[in-house]
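So you can see what is in the structure, the chains are spelled out below.
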Amino acid sequence: TVEDERVGLRLFGTGGQGRQVHTVVEELPARGTVREARSATAEESGALLESCGHVLEGRVNSLHYMPDAEAFAAPLDSLSFGLRFRLYLRDAPDLVSADANFTINVEELNDLPRVRSDALRLDEDSPGESVELYASDAELDSPLGLFISRLPEH
């Protein structure tokens, strides 16, 4: 997924003969947020998963993963995160599946630089003032070049 976009993850498995299966999230990604979802493509997200051992019950069979904002600007050991889960039968909780894993690769998105507007008021005959121009780039991979697109009118 791209660093600023949500991705849907569909968790599925069968218990055979129509037996109801529940999902237990055993490991969450090191960075970003994971929320319950009715489907991987649903617009709305549900409860935030804050700890391992979270049980998805009923009609919840999907998760939404959202990388941290500006993930590439932060010092990261890896841009690949894992999510591990297993299934168990509702009527036989001692029957547990082997672990299943999702690997989530986060790709860089080159964000636009940000600038800040400013205003300065001077008296008519004042000698002038210095003005500081401000701009930032989340990726910090190269210096920014600034140019003035319009000069003062008076």
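Because the structure is predicted, anything quoted here is derived from the model rather than measured. (Residues numbered from 1 in each chain as written. Predicted model: local features only at pLDDT ≥ 70, side-chain atom pairs only at ≥ 80, totals over all residues. Heavy atoms only, no water.)

**What to know about the overall build of the chain**
At step 1: Helix and strand content of the chain: zero helices and 10 strands.
At step 2: The N-to-C order of helical and strand elements in the chain reads β-β-β-β-β-β-β-β-β-β.
At step 3: With 154 residues in all, the chain has 24% of them scored as buried.
At step 4: Taking contacts inside the chain between residues at least 6 apart in sequence as the whole, the part at least 24 apart equals 68%. (Helix = DSSP H or I, 4+ residues; strand = E, 2+ residues; numbered from the N terminus. Buried < 20%, exposed > 50% of the residue type's maximum accessible area, 1.4 Å probe, protein only. Contact = heavy atoms within 4.5 Å.)

**Thoughts on the nonpolar core**
At step 1: Counting residues in each nonpolar core, the largest one holds 15 residues, and the members touching the most others are V25, L28, V34, L49, L63, Y65 and L83.
At step 2: Broken down by secondary-structure element, the contributors of at least two residues to this core are β5 (62-66) and β6 (80-89).
At step 3: Sort the elements by how many residues they give to this core and β6 lands first, with four residues.
At step 4: Residues in contact with V25, not counting those within four places in the same chain, are L49, C52, G53, H54, L63, L83, R84 and F85. (Core = buried A, V, L, I, M, F, W, Y, C linked by side-chain atoms within 4.5 Å.)

**Let's talk about a nonpolar patch on the surface**
At step 1: Residues L120, L122, V131, L133, L144, L146, I148 and L151 make up a contiguous nonpolar surface patch of about 780 Å² in total accessible area.
At step 2: Following the sequence through the fold, V131 ends up in the loop between β9 (114-115) and β10 (135-136). (Patch = residues over 30% accessible without salt bridge, like charges linked within 9 Å, V, L, I, M, F, W, Y side chains within 5 Å. Areas by Shrake-Rupley, 256 points an atom, 1.4 Å probe, with all protein chains shown as cover. Salt bridge = Lys/Arg side-chain N within 4 Å of Asp/Glu carboxyl O.)

**As for the pairing of strand β7 (residues 92-96)**
Where a strand is regular, its side chains alternate between the two sheet faces.
At step 1: Pairing analysis gives two bridges linking β6 to β7, with the strands arranged antiparallel. The residue bridging Y88 from the neighbouring strand is V96, located in β7.
At step 2: Following β6, the chain reverses through two residues before pairing antiparallel with β7. (Pairing = 2+ DSSP bridges.)

**Considering the pattern of salt bridges**
At step 1: The final tally for this structure, using the stated rule, is four salt bridges.
At step 2: When the shortest N-O distance is used, the salt bridge between E26 and R86 registers 3.6 Å. You can see E26 sitting in strand β2 (residues 21-27) and its partner R86 sitting in strand β6, a full 60 residues away along the chain.
At step 3: We classify R86 as partly exposed; its relative accessible area is 27%.
At step 4: Among the ionic pairs, R84 bridges to D99, the shortest N-O distance being 2.9 Å. A residue pair is termed long-range when its members are at least 10 positions apart, and R84 in strand β6 and D99 in the loop between β7 and β8 (100-105) qualify at 15 residues.
At step 5: We classify R84 as partly exposed; its relative accessible area is 23%.

**A look at the confidence of the model for the chain**
At step 1: Across the chain, the average pLDDT comes to 78, with 88% of residues at 70 or higher.
At step 2: Contacts of residues 74-78 to residues separated by more than four positions or lying in other chains number three contacts, the stretch itself having pLDDT below 50. (pLDDT = per-residue confidence, 0-100.)

**Remarks on the sheet that holds β5**
At step 1: Taken in spatial order, the three strands of this open sheet run β1-β5-β3, and their pairing is antiparallel. Each edge of the open sheet carries a strand with a single partner, namely β1 (7-10) and β3 (33-37). Recorded for the sheet is a direction-independent mean angle of 30° between the axes of neighbouring strands.
At step 2: The pairing of β1 with β5 spans four bridges and is classified as antiparallel. Bridge pairing in β5 places L9 opposite L63. (Axes fitted to C-alpha atoms, helices over the stretch in contact; angles between N-to-C directions.)

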